[in-house]
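Each chain is listed here by its residues.
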Amino acid sequence: MRQKQNPEPKRRRAPPAESLSAEAVEAWLRQHPDFLAKNPDLLFALTPPDHDQGKGVVDFQRFLVDRQRRELDTLKSASGELLAASRINKATQQAVHKAALALLAAPSFGRAISTVVDDWAAILDADVVMMGVEAAADRDIPGSKAGLTLLSPGEVDSRLGRLQDVRVISSMEPPDPSMFGEAAGLARSVVWLRLNIHEEVPPGMLAIGSREIGRFHPRQNTELLRFLASTLAVTIRAWLNLAEPPQRAD
């Protein structure tokens, strides 16, 4: 016995074009004045009127040209920003690689520290670079050399946050002489990076400053600067003949 098949649902059909009069379309559009604003793509399917068809006639052609011009300007702006960001990233990468090579080429530990605090600023297009190491007033830092800023115990975590390895401050107000000393006025925009050297070495940090407010900002990519801080930590560990710390489990 044949089973009765369910009839297919009836599809709604658009009314035939000849049933829509110009008056009906005009009346409907007047009742829905925002229809074209909600469906701007339909403007490309319309034939715009001539400029001299009378007063009060909307010039769709000019509207379309202006719209396309705005879209083109938006695309040019986005393309320009992307190109600028790409150039900045490339320049930053080259600068970080140059700074790392200069550090690795240092013939002594003292020269390595001098490379960081004296040479890195120019290489990184910054105004000042400092290293800070926590130390009690009566405690010597193993292998310490001139050029280090002594920080109070717990200050690295206080500045960076206990679980953070980097902090970016777009506008440093007020200046920070405890880190940058007499060069505090040159550090109006800063990056702080934790130096994970070794458990036998007090906590340390690398501070990079620029006199230009906004030179560093929280939304920027800090991967390359993190790499540079890691390179510095490994170099210091090697000069102090300290074993590499065990890797943390993922």
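The model shown is predicted, which means the values in this text are computed figures rather than measured ones.

**Concerning the overall build of the protein chain**
A count of helices and strands for the protein chain gives seven helices and five strands. Along its sequence from the N terminus, the protein chain presents helices and strands in the succession α-α-α-α-β-β-α-β-α-β-β-α. Residues classed as buried in the protein chain amount to 31% of the 250 residues present. Taking all contacts inside the protein chain whose residues are at least 6 apart in sequence as the whole, residues at least 24 apart take part in 57%. Split by element, the accessible area of the protein chain, about 17,700 Å² in all, is 53% carbon and sulfur.

**Topic: helix α4 (residues 109–123)**
For α4, which comprises 15 residues, the first-to-last C-alpha distance of 19 Å matches the rise-based estimate of 21 Å (1.5 Å per residue) to within 8%. The sharpest bend along α4 reaches about 35 degrees and sits at Val 116. Listing the buried residues of α4 in full gives Phe 109, Ala 112, Ile 113, Thr 115, Val 116, Val 117, Trp 120 and Ala 121. Immediately downstream of α4, the backbone of Asp 125 shows phi near 55 degrees, a positive value.

**Section: unusual backbone geometry**
Put simply, Glu 173 and Pro 174 share a cis peptide bond, and its omega is -5 degrees. For Pro 174, the position within the fold is in the loop between β3 (166–169) and α6 (177–180). Of note in the backbone geometry, Asp 125 takes a positive phi value of approximately 55 degrees without being a glycine. Residue placement: Asp 125 occurs in the loop between α4 and β1 (128–134). Judged by relative accessible area, which is 57%, Asp 125 ranks as exposed. For Asn 241, which is not glycine, the phi dihedral falls at a positive 55 degrees. Position of Asn 241 among the secondary structure elements: in the segment after α7 (223–239).

**Concerning the sheet that holds strand β5 (residues 204–210)**
One open sheet accounts for five strands, arranged β2-β1-β5-β4-β3; its pairing is mixed. Each edge of the open sheet carries a strand with a single partner, namely β2 (148–151) and β3. In this sheet, neighbouring strand axes are inclined to one another by 20 degrees on average, regardless of whether the strands run parallel or antiparallel. Note: β3 against strand β4 (residues 189–195), four bridges, orientation antiparallel.

**Some remarks on the confidence of the model for the protein chain**
Per-residue pLDDT for the protein chain has a mean of 79; in total, 70% of the residues score no lower than 70. Least confident of the elements in the protein chain is helix α3 (residues 60–104), whose mean pLDDT is 75; most confident is β4, at 95.

**Some details on the pairing of β5**
Looking along a regular strand, one sees side chains alternate from face to face of the sheet. Across the seven residues of β5, seven count as buried, placing the element largely inside the fold. Side chains Gly 204, Leu 206, Ile 208 and Ser 210 of β5 all project onto a buried face; the interleaved residues Met 205, Ala 207 and Gly 209 project onto the opposite face, where all are buried too. Here β1 runs beside β5; their pairing, made up of six bridges, is antiparallel. Paired with Val 128 across the two strands is Gly 209, which belongs to β5. In terms of strand pairing, β4 meets β5 through seven bridges, oriented antiparallel. Opposite Ser 189, over in β5, you have Ser 210 as the bridge partner.

**Some thoughts on α7**
Along its 17 residues, α7 runs 25 Å from first to last C-alpha, staying within 8% of the 24 Å computed at 1.5 Å per residue. One or two residues past the end of α7 sits Asn 241, with phi positive at roughly 55 degrees.

Criteria and thresholds
Residues numbered from 1 in each chain as written. Predicted model: local features only at pLDDT ≥ 70, side-chain atom pairs only at ≥ 80, totals over all residues. Heavy atoms only, no water. Helix = DSSP H or I, 4+ residues; strand = E, 2+ residues; numbered from the N terminus. Buried < 20%, exposed > 50% of the residue type's maximum accessible area, 1.4 Å probe, protein only. Contact = heavy atoms within 4.5 Å. Areas by Shrake-Rupley, 256 points an atom, 1.4 Å probe, with all protein chains shown as cover. Expected span 1.5 Å × (residues − 1). Bend = angle between axes of the 7 residues up to and from the residue. Pairing = 2+ DSSP bridges. Axes fitted to C-alpha atoms, helices over the stretch in contact; angles between N-to-C directions. pLDDT = per-residue confidence, 0-100.

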